[in-house]
Amino acid sequence: MNRCLSYPCFLCFSRSVSNMLCILLGVLALHLLVFILLIVSTASSQWTVEARGHTDLWYNCHSDTQGYHCSQASNEDWIQAVQALMILAVVFCFVSLLAFAYQLFRLFKGGRFFFTSIFQILASVFVMCAAIIYTVMRPDSDKDYGYSYVLAWVAFPLSLISGLIYLILRKKD
């Protein structure tokens with residue numbers, strides 16, 4: 001009987017190697033998902049929406065009888081803090097991804113991904129702080145939250161979970 005058919009991954013290695021490979025691929029997929037969510041929530045234009053326009057971290061857009069108009073977001077301290085925190089979250093998530101790739105090939109057997117974990121947890125803290133500041137400080141409370149705002153909140157627990165997984169993950173050869 002072919003013993004390769006009984007393993008969850010479609011690779012024919014020993015059981016511990018294929019399980020570790022499945023875990024690493026799952027963690028990598030989660031990390032990439034978080035990275036994409038952070039980029040989309042930072043760059044897209046739907047943090048708040050209303051019938052005649054939308055607002056994001058960078059522009060305020062609205063439509064009226066004369067057309068569609070966009071102006072730069074206010075230069076108040078709170079919006080600049082949200083912008084900076086979201087950019088930091090994206091950068092730290094990317095650095096964490098690079099650290100994971102480096103540690104995957106350079107870490108000794110039994111080592112933990114502490115460096116990767118620290119950067120990923122910091123990315124989750126940054127996105128959480130940005131979303132909290134935006135929630136508390138946004139001026140128009142009659143507008144609805146848009147999908148970019150929701151994606152930022154979804155990225156927070158996912159990046160925290162990813163960072164905690166990296167914290168407990170040990171490398172096996």
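Along each chain, residue indices are assigned from 1 in the same order as the chain's sequence is written. Restriction of local features to residues with pLDDT of at least 70 applies here, the model being predicted, together with a cutoff of 80 or more for giving and counting side-chain atom pairs; totals for whole chains, interfaces and linings are based on all residues. Here the side-chain values reflect all heavy atoms present in the structure, with hydrogen atoms and water set aside.

Section: the sheet that holds strand E3 (residues 59–64)
One open sheet accounts for 5 strands, arranged E4-E3-E2-E1-E5; its pairing is antiparallel. Where the open sheet ends on each side, the last strands, each with one partner, are strand E4 (67–72) and strand E5 (144–145). Between any two strands, at least two bridges found by DSSP are needed for them to pair. Labels follow the DSSP assignment, with helices taken as runs of H or I lasting at least four residues and strands as runs of E lasting at least two, numbered in each case from the N terminus. In this sheet, E3 lies alongside strand E2 (residues 53–55) in antiparallel orientation, the contact comprising 3 bridges. When the sheet's bridge partners are listed, glycine 53 is paired in E3 with histidine 62.

Brief notes about the state of the cysteines
Criterion for a disulfide: a pair of cysteine sulfur atoms within 2.5 Å. Within the structure shown, the criterion is met by 1 disulfide. Across a sulfur-sulfur distance of 2.0 Å, cysteine 61 and cysteine 70 are joined as a disulfide pair. Disulfide cysteine 61 to cysteine 70: torsion about the S-S bond roughly 110 degrees, handedness right-handed.

Comments concerning the pairing of E4
Two strands pair when backbone bridges link them, and E3 and E4 are joined in this way by 6 bridges, in the antiparallel orientation. Within E4, the residue paired with serine 63 across the bridge is tyrosine 68. Between E3 and the antiparallel strand that follows it, E4, lie 2 residues.

Structural notes on the packing of helix H2 (residues 77–106) against helix H3 (residues 114–137)
The interhelical angle for the contact between H2 and H3, taken along N-to-C directions, is 160 degrees, at an axis separation of 8 Å. As the angle between them shows, H2 and H3 are arranged roughly antiparallel. Relative to H3, H2 is oriented so that their crossing is left-handed. All residues other than Ala, Val, Leu, Ile, Met, Phe, Trp, Tyr, Cys, Pro, Asp, Glu, Lys and Arg, Gly among them, are scored as polar; the first ten of these are nonpolar and the last four charged. Its residues placed into classes, the contact of H2 with H3 shows 25 nonpolar, 4 polar and no charged. Only the contacting stretch of a helix is used when fitting its axis, a line to C-alpha atoms as for every element, and angles between N-to-C directions run 0 to 180 degrees. For classification purposes, an angle smaller than 35 degrees is called roughly parallel, one larger than 145 roughly antiparallel, one from 65 to 115 roughly perpendicular, and anything else oblique. Take the far helix as your reference; a near helix turned counterclockwise from it by less than a right angle gives a left-handed crossing, and one turned clockwise gives a right-handed crossing.

A few points about the UniProt feature "transmembrane region" (unreviewed entry) in the protein chain
UniProt positions are given in the numbering used here, feature names are shortened, and annotations may be inferred rather than shown by experiment. The UniProt entry lists residues 81–101, 113–137 and 149–169 under the feature "transmembrane region" (unreviewed entry), expressed in the numbering used here. Taken end to end, residues 81–101 has its terminal C-alpha atoms 30 Å apart, with 100% of it in helix and 0% in strand. Across residues 149–169, helical content stands at 95% and strand content at 0%; the span's end C-alpha atoms are separated by 30 Å.

Points about the environment of leucine 32
Within the element layout of this structure, leucine 32 appears in helix H1 (residues 15–43). Taking relative accessible area as the criterion, leucine 32 reaches 36% and is therefore assigned partly exposed. Sequence separation between leucine 32 and cysteine 93 is 61 residues; the distance between their C-alpha atoms is 9.0 Å. Remark: exposure states derive from per-residue accessible area (1.4 Å probe, protein chains only) relative to the maximum for the residue type, with buried under 20%, exposed over 50%, and partly exposed in between.

Looking at the nonpolar core
Proteins that are soluble and globular tend to have nonpolar side chains buried together. The nonpolar core is taken to be a set of buried Ala, Val, Leu, Ile, Met, Phe, Trp, Tyr and Cys residues, with the residues joined through side-chain atoms within 4.5 Å. Core analysis: the largest hydrophobic core is formed by 27 residues, its most contacted members being Leu38, Trp47, Leu57, Val82, Met86, Val127 and Tyr134. Listed by contribution, the elements that provide at least two residues to this core are H1, H2, H3 and helix H4 (147–168). Examining the composition of this core, we find that 9 residues originate from one element, H2, more than from any other. Here, two residues are considered to be in contact whenever any of their heavy atoms come within 4.5 Å of each other. Ignoring sequence-local partners within four residues, the contact set of tryptophan 47 consists of Ser41, Thr55, Asp56, Leu57, Met86, Tyr134, Asp144, Tyr145, Gly146, Ser148, Tyr149 and Ala152. Formed by 8 residues, the second largest nonpolar core is a distinct cluster that contains Val27, Leu107, Phe113 and Tyr166.

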